[in-house]
Amino acid sequence: MSVADLSAAASDLRAFAEQSGAWPFEQARAIVARLKKKPKDEVLFETGYGPSGLPHIGTFGEVARTTMVRHAFRVLTEDRIKTRLIAFSDDMDGLRKVPDNVPNKELLEKHLGQPLTTVPDPFGTDTSFGAHNNARLRAFLDAFGFDYEFASSTDYYKSGKFDAALLRMLERLEQVMAIMLPSLREERAASYSPFLPICPRTGMVLYVPIVAHDVEAGTVSFDDPDTKERVTLPVTGGHCKLQWKPDWAMRWYALSVDYEMAGKDLIDSVKLSGKICAALGGTPPEGFNYELFLDEKGQKISKSKGNGLTIDEWLRYASPESLSLFMYREPKAAKRLYFDVIPRNVDDYQQYLEAFPKQDTKQQLGNPVWHIHSGHPPKADMPVTFQLLLTLVSSSNAENAETLWGFIARYRPGVTPETHPKLDAMVGYAINYYRDFVAPTKKFREPTESERAALQDLRDALSNLPQSSSAEEIQNVVYEIGRREPFLDAVKKGKDGRPGVSLDWFNMLYQVLLGQEKGPRFGSFVAVYGIANSVAMIDGALARSA
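Residues numbered from 1 in each chain as written. Predicted model: local features only at pLDDT ≥ 70, side-chain atom pairs only at ≥ 80, totals over all residues. Heavy atoms only, no water.

**Concerning the pattern of salt bridges**
Working step 1: This structure, assessed with the given rule, holds 32 salt bridges.
Working step 2: With a closest N to O distance of 2.8 Å, Asp90 and Arg251 form a salt bridge. Highlighted residues: Asp90 in the loop between strand E2 (82-89) and helix H4 (105-109) and Arg251 in helix H10 (residues 244-255), separated in sequence by 161 residues.
Working step 3: Here Asp90 falls in the buried class, since its relative accessible area comes to 16%.
Working step 4: Accessibility expressed as a relative area gives 2% for Arg251, which makes it buried.
Working step 5: Among the ionic pairs, Arg329 bridges to Asp348, the shortest N-O distance being 2.5 Å. Here Arg329 is found in the loop between helix H13 (320-328) and strand E12 (335-336), whereas its partner Asp348 is found in helix H14 (residues 342-355), with 19 residues between them in sequence. Just as Arg329 is buried, Asp348 falls in that class too.
Working step 6: Connected through shared salt-bridge partners, Arg14, Glu18, Glu78 and Arg80 make up one network. (Salt bridge = Lys/Arg side-chain N within 4 Å of Asp/Glu carboxyl O. Helix = DSSP H or I, 4+ residues; strand = E, 2+ residues; numbered from the N terminus. Buried < 20%, exposed > 50% of the residue type's maximum accessible area, 1.4 Å probe, protein only.)

**A look at the packing of aromatic side chains**
Working step 1: Applying the stated criterion across every chain, the model contains 28 aromatic pairs.
Working step 2: Plain terms: the ring middles of Phe522 and Phe525 are 5.7 Å apart, the flat faces sit at 50° to each other, and that makes the pair tilted. Remark: Phe525 and Phe522 occur in helix H23 (residues 522-529); sequence separation between them is 3 residues, near one turn of the helix. For the pair Phe522 and Phe525, one class covers both residues: buried.
Working step 3: Among the aromatic residues, ring-to-ring pairing joins Tyr317, Tyr338, Phe339, Phe386, Tyr433 and Phe437 into one connected group.
Working step 4: Stacked on the ring of Tyr156, the Lys or Arg Lys161 has its end atom at 4.3 Å from the ring centre.
Working step 5: It is Arg412 that lies over the ring of Tyr411; its NZ or CZ is 4.2 Å from the centre. (Phe/Tyr/Trp six-rings, centres within 6.5 Å; stacked < 30°, edge-to-face > 60°. Lys NZ or Arg CZ within 6 Å of the ring centre and 35° of its normal.)

**What about H13?**
Working step 1: Of all 9 residues that make up H13, 8 are buried, and the element is covered over most of its length.
Working step 2: Buried within H13 we find Glu321, Ser322, Leu323, Ser324, Leu325, Phe326, Met327 and Tyr328.
Working step 3: A positive phi of about 40° marks Glu330, the residue just after H13.

**Considering the nonpolar core**
Working step 1: In terms of nonpolar packing, the biggest core is built from 113 residues, with Trp314, Trp505, Leu509, Leu513, Phe522 and Phe525 touching the most fellow members.
Working step 2: Sorting elements by how many residues they give to this core places helix H3 (residues 57-76) first, with 10 residues.
Working step 3: When near neighbours in sequence (up to four residues on either side) are disregarded, Phe522 contacts Leu458, Gln475, Val478, Phe506, Leu509, Tyr510 and Leu513.
Working step 4: Core analysis: the second largest hydrophobic core is formed by 39 residues, Phe88, Ala151, Leu166 and Val235 among them. (Core = buried A, V, L, I, M, F, W, Y, C linked by side-chain atoms within 4.5 Å. Contact = heavy atoms within 4.5 Å.)

**Examining the pairing of strand E13 (residues 488-493)**
Working step 1: With 0 of its 6 residues buried, E13 lies for the most part at the surface.
Working step 2: As paired elements, E13 and strand E14 (residues 499-501) share 3 bridges and run antiparallel to each other. Within the sheet, the bridge partner assigned to Lys493 lies in E14 and is Pro499.
Working step 3: In this structure, the hairpin formed by E13 and E14 is closed by a connection of 5 residues, where Gly497 is found at a positive phi of approximately 85°. (Pairing = 2+ DSSP bridges.)

**Focus on the packing of H13 against H14**
For any two helices packed against each other, the geometry is given by the interaxial angle and the distance between the axes.
Working step 1: Running from amino to carboxyl end, H13 crosses H14 at an angle of 90°, the nearest separation of the two axes being 8 Å. Between H13 and H14, the crossing angle belongs to the class labelled roughly perpendicular. Where H13 approaches H14, its residues Glu321, Ser322, Leu325 and Phe326 are matched on the opposing element by Asn345, Val346, Asp348, Tyr349 and Tyr352. (Axes fitted to C-alpha atoms, helices over the stretch in contact; angles between N-to-C directions. Parallel < 35°, antiparallel > 145°, perpendicular 65-115°, else oblique.)

**Some details on the sheet that holds strand E3 (residues 149-152)**
Working step 1: Ordered by their spatial adjacency, 3 strands build an open sheet running E1-E2-E3, and the pairing between neighbours is parallel. In the strand order of this sheet, the two ends are held by strand E1 (42-49) and E3, each with one partner. Pairwise comparison of adjacent strand axes, ignoring direction, gives a mean angle of 30° for this sheet.
Working step 2: Strand direction decides the pairing type here: E1 and E2, joined by 8 bridges, are parallel. Directly across from Leu44, in E2, lies its bridge partner Arg84.
Working step 3: Running at roughly 125° to E1, helix H5 (residues 129-144) makes contact with E1, E2 and E3 of the sheet.

Written as structure tokens, this is what we have:
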């Protein structure tokens, strides 16, 4: 394709992007509108990370979603404006409490109140607790291939990168206080200061009243809470840090951040920080407030509590792409982030991937895989679903990949681990998921007399089918056997106008035969598992309930 053709293609894509209802484009259009008011040569995207606990999926989600908006912006501007993404770690914050999910807790207890980058690493693998958690975050972001720059609060404060902005904060201290004080309780307001000195004696981040400040000298003074001695420190060079809302605002101002999203619980904080940023002479970034992730009990997930899924846990059971799909979907809706959401996202990802080549440009720009893969999704090539693999593991009690591949090879001749490495990975995911979540909850139920009769008829009908029957042929037989009471669906008619078959029939098959509530299309399962194996499985269920 010539340069002219590439330019025309980019222009056509932009035209569709300008009309797309996909949320990354909606966000990107807001940045484009911002630039029309205040042109820039570079647009800076930022994500924040508080390394007080181990990184969790919510942290990854912010980077993934921001990356999607960044790419949408590049399409809308045809890459004519440079963009950068900074993943900023608030690692100079003081350690307020010991997280529940770390070893050597007694080690951390001795360093409460100190910046996270001076607290020892309880895992013993890094120079500090902050450095350990930062490394965990970078390792995953790097493995996933995100284009980002990591930034450390400690480095930025100590290197002087924030000095000019800190002096501006000191200069406009009265304006900042006028913004902050109305948001505080009376007791806290009485001693509040945006500046938190780092105690030269103990190294702790001090939440103490500032008794004096000198704009010309660039210093603040406070009384040591233990010795009562008056101490004067420069606000620059890492001798002080800011309370988090002024800190957020200062960062937007200092770095000229154009876009940053935040959780719904930070709506008021975003507004306050935006006002402070404006008071410093900056323009608050564009962004939106996403809904929070919930654990299995509907509680907000927390890094310190460790009550949500970790990045490593999701990747033990599913691909990074399935995680990205979970992040793409409905960012402004609260969602449970627990193990049972994984299978659906794995299979839905494949369905979106399979649909992509058949769609026109407008539809493709609304397809999640376009945003997950920055406009270039791979070719779909997954012969079986994740749900089907899980059912195969469950039915055969397979504890190794070789057994599963035996079923797959018969169902799809020529498909091997070498020809389909992504499927091979999914086989491993399915075995892990089965061992950890399906097997412990597996519970067979007894069939009723009418269900036993239906199972016997299904067994006989399957026995009369050729072993090479297709999934569709098997499904037709299964459907026909189920067309009886109590499984008739008078509302849903069959193609021949006869009553349809309710889901109760198929759910019964999985509950009685496999000890699980639901499963994939039963005809597909039998085709992969084998007709003879399926007949034997029905015989076993009938014998158990005799």
